[in-house]
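Listed here are the chains, written in short residue letters.
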Amino acid sequence: MGFVPGAGREMRYSEVTRLLGFDIMVRVQRQLLRHFLKTRDKHTSRDKCFIATLESLADLIFFCMYKQPKNSTAAADINLNTQRRQGFCEFCGNLTELSSFIETLMTGKPNNIELTEEIKFELSHKYCTEHRPQLMSGEWNPAYKQAKRSLTQFNVELRRLSLQCALRAIPNAQSGDQLVDAYFFQYMLSQTLSPSDKAELRNLARLMVDSKLSDNKKKMLVLQKFGFSQYEIGQKLLSRKQLPMTRQAVSKALSAIRKPFLLSG
Ligand SMILES: [Zn+2]
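Everything numeric here is computed off the predicted structure, so don't read it as measured data.

Note on the zinc ion: its protein donors are Cys89 (SG), Cys92 (SG), Cys128 (SG) and His131 (ND1). The metal-donor distances range over 2.1 to 2.3 Å. One way to put it: the four donor atoms around the zinc ion meet at angles of 101 to 113 degrees, and that makes the site tetrahedral. When the donor residues of the zinc ion are listed from N- to C-terminus, their spacing reads C-x2-C-x35-C-x2-H. Here Cys92, found in the loop between helix 4 (74–85) and helix 5 (97–107), pairs with His131, found in the loop between helix 5 and helix 6 (142–149); they are 39 residues apart in sequence, far enough to count as distant. Residue Cys92 is classed as buried on the basis of its relative accessible area, which comes to 2%.

Have a look at this one:
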């Protein structure tokens, strides 16, 4: 199965071809064929038959590549293909394993890519290496589980960051809370991100969630920036039990906040 792209993942051959594009698929199939010849071929009749099959598949894709499309939807298809090629991991700003593999193929020298066990199309087309559901060992990946649990919050923070990034002159995070909006406003003033920095914004949202920078902490930071003392901040915010927070609780929460999220001045 390792010598036919997608077979291990139960993806249809045409599906994989659509994802990769004809040009890459030809190269990948030929490379897998060479790999088989080098490592497995015992010159049995079964092997000869298998080699002929792989050759036919590579030829088929090659001829498909030069076939004239019947109608003019080709442009839209190409577009879709490039969009999927730039696919982000569902949980962060890294490319999915498949996308980053494709990027290596497109930018690097495909002939030099070593066909290791991982490249036998066990690559995830939804997640990056860090967030793949299962580790190479077959065990569940704790980073995947954590990211899955916090997906809603990730999308909330990503939306706020993107909105604020698109309109820096005024508070625009649209969080529903003035202090939280003020935090995003102040935070974005010290950043050089633009709305097209999609990967960076996604990574930032992921870091925000993983660092447990709650809305309450954002409010503390912004109140601190406005010059309120820790005692006064505590009086303005409510704890989880809906009571004013003590100075100690505010101090503890503030000291736990990671550096990149502090507001300058
Ligand atoms: Zn990821």
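Once the structure has been displayed, the description carries forward.
Our next topic: the packing of aromatic side chains. Per the stated rule, a full pass over the model turns up ten aromatic pairs. For the ring pair Phe36 and Phe50, a centre distance of 4.9 Å and an interplane angle of 65 degrees mean the geometry is edge-to-face. Here Phe50 lies in helix 3 (residues 45–65) and Phe36 lies in helix 2 (residues 22–39), a separation of 14 residues in the sequence. Each ring, one from Phe91 and one from Tyr144, has its centre 5.8 Å from the other, and the planes form 55 degrees; the classification is tilted. Taken together, the residues Phe91 in the loop between helix 4 and helix 5 and Tyr144 in helix 6 connect sequence positions 53 residues apart. Side by side, Phe91 and Tyr144 carry an identical accessibility label, which is buried. Cluster of aromatic residues (ring-pair linked, three or more members): Phe91, Tyr127, Trp140 and Tyr144. Here Arg30 stacks its cationic end above the ring of Phe62, 5.5 Å away from the centre of that ring.

Within the structure shown, the criterion is met by ten salt bridges. As a salt-bridge pair, Lys218 and Glu157 come within 2.6 Å of each other at their nearest N and O atoms. Of this pair, Lys218 sits in helix 10 (residues 215–225) while Glu157 sits in helix 7 (residues 151–166); the two residues are 61 residues apart in sequence, bridging distant segments of the chain. According to the relative accessible area criterion, Lys218 is buried, its value standing at 0%. The exposure class assigned to Glu157 is buried, which follows from its relative accessible area of 2%. The network of salt bridges with common partners includes Glu157, Arg160, Asp215 and Lys218.

Definitions and cut-offs
Within any chain, residue numbers begin from 1 and follow the written order of that chain's sequence. It should be noted that, the model being predicted, local features are given only for residues of pLDDT at least 70 and side-chain atom pairs only at 80 or more, the latter also being counted only at that level, while totals for whole chains, interfaces and linings use all residues. Only heavy atoms go into the side-chain values, all of them from the structure, while hydrogens and water stay out. Here the coordinating atoms are restricted to nitrogen, oxygen and sulfur within 2.8 Å of the metal centre, or 3.2 Å for Na, K and Ca, and because water is not among them the sites may look incomplete. In these descriptions, tetrahedral denotes four donors with every angle between 85 and 135 degrees, square planar four donors and octahedral six donors with opposite donors over 155 degrees apart and the rest between 65 and 115, and irregular any other case. Secondary structure follows DSSP: runs of H or I at least 4 residues long count as helices, runs of E at least 2 residues long count as strands, and numbering of each begins at the N terminus. The rule is simple: take the accessible area with a 1.4 Å probe, protein chains only, and divide by the maximum for that residue type; under 20% is buried, over 50% is exposed, in between is partly exposed. The aromatic pairing rule takes the rings of Phe, Tyr and Trp, using the six-membered ring of Trp, and pairs them if the centres are within 6.5 Å, calling planes under 30 degrees apart stacked, those over 60 edge-to-face and the rest tilted. Sitting over a ring, as applied to charges here, requires NZ of Lys or CZ of Arg to be within 6 Å of the ring centre and within 35 degrees of the ring normal. The rule for a salt bridge is simple: a side-chain nitrogen of Lys or Arg has to be within 4 Å of a carboxyl oxygen of Asp or Glu.

Fair warning: the whole summary comes from geometry, so function is off the table for now.
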